[in-house]
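# Structure at a glance
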Amino acid sequence: MLSTARSTLSKTLSRHAVHGAALSATQSRGFKVAVLGAAGGIGQPLSLLLKLNPRVTELTCYDVAPVTPGVAADLSHCSSNSKATGYTGEDLPKALDGCQVVVIPAGVPRKPGMTRDDLFNTNASIVANLIKHAAKACPKACFLIISNPVNSTVPIAAEILKAAGVYDPNRLFGVTTLDVVRARTFVANAKGLDVNKVTVPVVGGHAGTTIVPLLSQVQPKVSFTDAEVDALTQRIMFGGDEVVKAKNGGGSATLSMAYAGAEFADSVMAALSGDKGVTECTFVESKITDAPFFSSPVTLGKNGVETIHGYGTVNDKEKKLIADMLPDLKAQAAKGVEWAKANAK
């Protein structure tokens, strides 16, 4: 039963193979991966999924919570071919040393009535501190930012890396995969499709109306009524609110975010290993629009971002959604840049 579960997990994490990426017959390159915020609601399940990922040979777990070494001890009992070590307090440099991939879910979660932007002040400081240490310990790593508000924390991370003289736009990613995961799940359920064969590009940002699902580009091709488009678009944009409300003050989307984060991390590692055709929607420095950072399909490669793709042909409704949200997306990025310049020293 356990071997079946591991096989299923491996196939799920390598889902991009369904979309044309050929996985190596033998995954010869292993990765040292750090999860910063590993004791939290996202961090623990994310760490578990990465511990079970066959691409990961060493997993370091860091959090300010004193329980973190215990989280790693717990993970180390899982029968997978990777080592797990936990760090807390002043040991952040040790956790980051030699890492090729750094995933950051650290920060406070949303509660009912809160927007992602309400988390700004607290999470901005957390992300800035973590990236400052990473810039010293593993400047050539790929940095995967989950901490909200992503539309601002990714620009903050960019400014911190620039100040340290190690910024590489090809290695900094905002993880918007949960929006894609929700989109393909909701579309598959609505249309009775196999979710593993559905693709739905989701572009823009990672907050409310800045999340724009391109339902006109769903594959396999399906038709929607106007009412279906409106309902699906609203649900994909505000899927996080749905979970926050359902948890009734007990947290935000943690399990699905961990799943999405692990899926994106797997794609990054696959591409770093040399797999071809690995394309994911992700929030990166971009010239696709006049927003400095934008999420669109990105082909990943051995050095991170390989090709940033435009969002293709969209219908009038989608074109309006993109145009209407761009001022907010640009403002949220500017807010992050301004904060970093004023506070990050």
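Residues numbered from 1 in each chain as written. Predicted model: local features only at pLDDT ≥ 70, side-chain atom pairs only at ≥ 80, totals over all residues. Heavy atoms only, no water.

### A few points about the pairing of strand β4 (residues 101-104)
Here β4 shows a buried face lined by Val101 and Val103 and a second buried face lined by Val102 and Ile104. Pairing analysis gives three bridges linking strand β1 (residues 31-36) to β4, with the strands arranged parallel. When the sheet's bridge partners are listed, Ala34 is paired in β4 with Val102. As paired strands, β4 and strand β5 (residues 142-145) are joined by four bridges and run parallel to one another. When the sheet's bridge partners are listed, Val103 is paired in β5 with Leu144. (Buried < 20%, exposed > 50% of the residue type's maximum accessible area, 1.4 Å probe, protein only. Helix = DSSP H or I, 4+ residues; strand = E, 2+ residues; numbered from the N terminus. Pairing = 2+ DSSP bridges.)

### A few points about the packing of helix α2 (residues 43-51) against helix α3 (residues 68-76)
Contact geometry of α2 with α3 gives a least axis separation of 10 Å together with a crossing angle of 35°. Note that α2 runs across α3; the crossing there is right-handed. Taking contact as the criterion, the partners of Gln44, Ser47, Leu48 and Lys51 in α2 are, on α3, Val71, Leu75 and Ser76. Within the contact of α2 with α3, the residues separate by chemical class into three nonpolar, three polar and one charged. (Axes fitted to C-alpha atoms, helices over the stretch in contact; angles between N-to-C directions. Left-handed = near helix turned anticlockwise from the far one by under 90°. Contact = heavy atoms within 4.5 Å. Nonpolar A, V, L, I, M, F, W, Y, C, P; charged D, E, K, R; others polar.)

### Side note on the nonpolar core
Note on soluble globular proteins: their nonpolar side chains tend to be buried together. Counting 46 residues, the largest nonpolar core has Leu36, Val102, Ile131 and Phe143 as the members making the most contacts within it. Of all the secondary structure elements, the ones that give two or more residues to this core are β1, α4 (92-96), β4, α5 (120-137), β5, α6 (150-163), β10 (293-301) and α11 (316-343). Apart from the residues lying within four places of it in its own chain, the contact partners of Val102 are Ala34, Leu36, Leu96, Cys138, Ala141, Cys142, Phe143 and Leu144. Among the nonpolar cores identified, the runner-up in size contains 41 residues, and Ala38, Ile146, Val268 and Val284 belong to it. (Core = buried A, V, L, I, M, F, W, Y, C linked by side-chain atoms within 4.5 Å.)

### As for the state of the cysteines
Throughout the structure, instances matching the rule amount to zero disulfides. The cysteine Cys61 is free of any disulfide, with Cys99 supplying the nearest cysteine sulfur at 10 Å. Of all cysteine sulfurs, the one in Cys138 lies closest to Cys99, which takes part in no disulfide; the gap is 5.5 Å. On the basis of relative accessibility, which here comes to 5%, the residue Cys99 falls in the buried class. (Disulfide = S-S within 2.5 Å.)

### Description of the environment of Pro155
Tracing the sequence through the fold places Pro155 in helix α6. In this structure the C-alpha to C-alpha distance between Pro155 and Thr57, which are 98 residues apart in sequence, comes to 30 Å. The residues contacting Pro155, other than those within four sequence positions of it, are Val150, Phe283, Phe293, Ala333 and Val337.

### What to know about the pattern of salt bridges
Under the counting rule described, the total for this entry stands at 11 salt bridges. Between Glu242 and Arg235 there is a salt bridge; the shortest N-O distance is 3.0 Å. Assessed through its relative accessible area of 37%, Arg235 is described here as partly exposed. (Salt bridge = Lys/Arg side-chain N within 4 Å of Asp/Glu carboxyl O.)

### Here we look at the environment of Val305
Position of Val305 among the secondary structure elements: in strand β11 (residues 304-308). The buried category is assigned to Val305, whose relative accessible area is 10%. Once the C-alpha coordinates of Val305 and Ser82 are considered, the two residues, 223 residues apart in sequence, prove to be 26 Å apart.

### Details of unusual backbone geometry
For the bond from Asn148 to Pro149, the omega torsion is -5°, close enough to zero to count as cis. Tracing the backbone through its elements, the reader meets Pro149 in the loop between β5 and α6. For the bond running from Gln219 to Pro220, omega is 0°, close enough to zero to count as cis. Among the secondary structure elements, Pro220 is positioned in the loop between β8 (211-213) and α8 (226-237). In this structure, Asn248 takes a positive phi of about 55° despite not being glycine. Along the chain, Asn248 falls in the loop between α9 (239-247) and α10 (255-272). Taking relative accessible area as the criterion, Asn248 reaches 67% and is therefore assigned exposed.

### Here's the deal with the side chain of Ser296
Within the secondary structure layout, Ser296 lies in strand β10. The exposure class of Ser296 is buried, given its relative accessible area of 0%. Engagement of the side chain of Ser296 in a polar contact is seen with the backbone oxygen of His309, the distance being 2.8 Å. Non-local contacts of Ser296, meaning those with residues more than four positions away in its chain, are made with Val203, Glu280, Cys281, Thr282, Ile288, Ile308 and His309. (Polar contact = N/O pair within 3.5 Å; in protein donor to acceptor, adjacent residues only side chain to side chain.)

Read these as spatial facts, not as claims about activity.
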